[in-house]
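Listed below, chain by chain, are the residues.
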Amino acid sequence: MIVGVARARAALVGKPSDGYGGAVLTTALEMWSAIVELEPGGRDDVVDGPDGLVPIVASARLVARRRLGDIAPARLRVRTSVPREVGLAGSSAVVIATLDATARQAGIVLDRERWPSLALHVETAQLGIPGGLQDRVAQVWGGVVLCDVRADRVATVDGLEQGTYRRLDPDRLPALAVAWLPTAGQSSRVSQAGLRAGDDGPERRAIFADLGALAVETTRRLGRGESEALGPAMAATMAARRRLVPLVAAHADLVDRLASTGAQG
């Protein structure tokens, strides 16, 4: 049996500017994962798992065949512990895990620069789920990574856009906690729709540029050992997001309640 695994992820600073020519400091979360178990054989692929995950696996296999060459049929079983629709990149984890297992089946070593772009293509082109590269970069690279997709840091390879990525020592970060509301989840299609429905005027572009610059500068400061830089940068990211699109009331309340305790993010 071949097993592909991918972790959840949380964006720290700069989100959602990775979808708009910016940069995001992001981290994989080891406590949750998507797992795809693959057994080669049969006439066609057979995918077993929760209904919402089966199309994701099938789409990843389709793109793999188009982009990586001939892939033999297999039976695939998918499961995930990533909380659904709360912004922890559950769907992209399934895509990454499927590509991981598929590459192992085919004896292919996926380049970690190319792999996030291939995964994003599965979601945007096949599944119609909008997004940027930072989810997939964290899940492929692991740990804490700066995903930089500013204009001068992007290249197009085999028709897919890829950015410039830099891993940061996790020990440079202060203690982190993850909080979410399981009763107020939203799919990426819904949460991204508000962002993408906005105008593309100069004020909006300036916000994305500022978010990208903030992620890059925060990464530099953390690299110098200035762990105190992260909290204010996370708070500034959330403030910018409120300017871009109204938050769900329950989400805004959670952020405000956490801030009242002295937490930042």
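In this report, we go over the structure that sits alongside the text. All values reported here derive from a predicted model rather than from experimental measurement. (Residues numbered from 1 in each chain as written. Predicted model: local features only at pLDDT ≥ 70, side-chain atom pairs only at ≥ 80, totals over all residues. Heavy atoms only, no water.)

1. Re the side chain of S33
Within the fold, S33 resides in strand β2 (residues 23–40). Setting aside anything within four residues of it in sequence, one finds S33 in contact with V5, A6, R7, R79, T80, S81 and V82. (Helix = DSSP H or I, 4+ residues; strand = E, 2+ residues; numbered from the N terminus. Contact = heavy atoms within 4.5 Å.)

2. Structural notes on a nonpolar patch on the surface
Together, M1, V3 and V5 make up a nonpolar patch on the protein surface, roughly 250 Å² of accessible area in all. Its location among the elements puts M1 in the segment before β1 (2–13). Using a relative accessible area of 58% as the deciding quantity, one classes M1 as exposed. (Patch = residues over 30% accessible without salt bridge, like charges linked within 9 Å, V, L, I, M, F, W, Y side chains within 5 Å. Areas by Shrake-Rupley, 256 points an atom, 1.4 Å probe, with all protein chains shown as cover. Salt bridge = Lys/Arg side-chain N within 4 Å of Asp/Glu carboxyl O. Buried < 20%, exposed > 50% of the residue type's maximum accessible area, 1.4 Å probe, protein only.)

3. Description of the packing of aromatic side chains
Scanning all chains against the criterion turns up two aromatic pairs. A ring pair is formed by Y20 and F208, whose centres lie 4.1 Å apart and whose planes are at 5°; its orientation type is stacked. Of the two residues, Y20 is situated in the loop between β1 and β2 and F208 in helix α6 (residues 202–223); the sequence distance between them amounts to 188 residues. For the pair W141 and Y165, a centre-to-centre distance of 5.8 Å together with 75° between the ring planes defines the contact as edge-to-face. Linking W141 in helix α4 (residues 134–141) with Y165 in strand β8 (residues 164–168), this pair joins segments that are 24 residues apart in sequence. Note on accessibility: W141 and Y165 belong to one class, buried. The ring of W141 has R112 lying over it, and the distance from NZ or CZ to the ring centre is 3.7 Å. (Phe/Tyr/Trp six-rings, centres within 6.5 Å; stacked < 30°, edge-to-face > 60°. Lys NZ or Arg CZ within 6 Å of the ring centre and 35° of its normal.)

4. As for the environment of D148
Structurally, D148 can be placed in strand β5 (residues 144–148). Sequence-wise, D148 and R172 are 24 residues apart; in three dimensions their C-alpha atoms are separated by 19 Å. Those residues in contact with D148 that sit more than four places away from it in its chain are G22, A23, R153, G163, T164, Y165 and V216. At 2.6 Å, the side chain of D148 and the side chain of R150 are in polar contact. (Polar contact = N/O pair within 3.5 Å; in protein donor to acceptor, adjacent residues only side chain to side chain.)

5. Some remarks on the packing of helix α2 (residues 90–106) against α4
Remark: α2 packs on α4, axes separated minimally by 10 Å, with the N-to-C direction vectors making an angle of 45°. Accordingly, the angle class assigned to the pair α2 and α4 is oblique. Remark: the crossing between α2 and α4 carries right-handed chirality. Contacts between α2 and α4 involve S92, A93 and I96 from the first element and D135, R136, Q139 and V140 from the second. Among the residues making up the contact of α2 with α4, the classes are represented as three nonpolar, two polar and two charged. (Axes fitted to C-alpha atoms, helices over the stretch in contact; angles between N-to-C directions. Parallel < 35°, antiparallel > 145°, perpendicular 65-115°, else oblique. Left-handed = near helix turned anticlockwise from the far one by under 90°. Nonpolar A, V, L, I, M, F, W, Y, C, P; charged D, E, K, R; others polar.)

6. Some thoughts on the side chain of D18
Within the fold, D18 resides in the loop between β1 and β2. One buried charged side chain, D18, makes no salt bridge at all; its nearest oppositely charged neighbour is R136, positioned 5.6 Å away. Here L133 takes part through its backbone nitrogen, which lies 3.1 Å from a polar atom of the side chain of D18. Apart from residues no more than four positions distant in its own chain, D18 is found in contact with V24, G132, L133, Q134 and V149. (Lys, Arg positive; Asp, Glu negative; His and termini not counted.)

7. Let's talk about the packing of helix α3 (residues 115–126) against α4
In the contact formed by α3 and α4, the axes pass within 8 Å of each other and the chain directions differ by 135°. When the axes of α3 and α4 are compared, the pair comes out oblique. Crossing hand, α3 versus α4: right-handed. Facing W115, P116, A119, L120 and E123 of α3, the residues of α4 in contact are R136, V137 and V140. Here the residues of the contact of α3 with α4 sort into six nonpolar, no polar and two charged.

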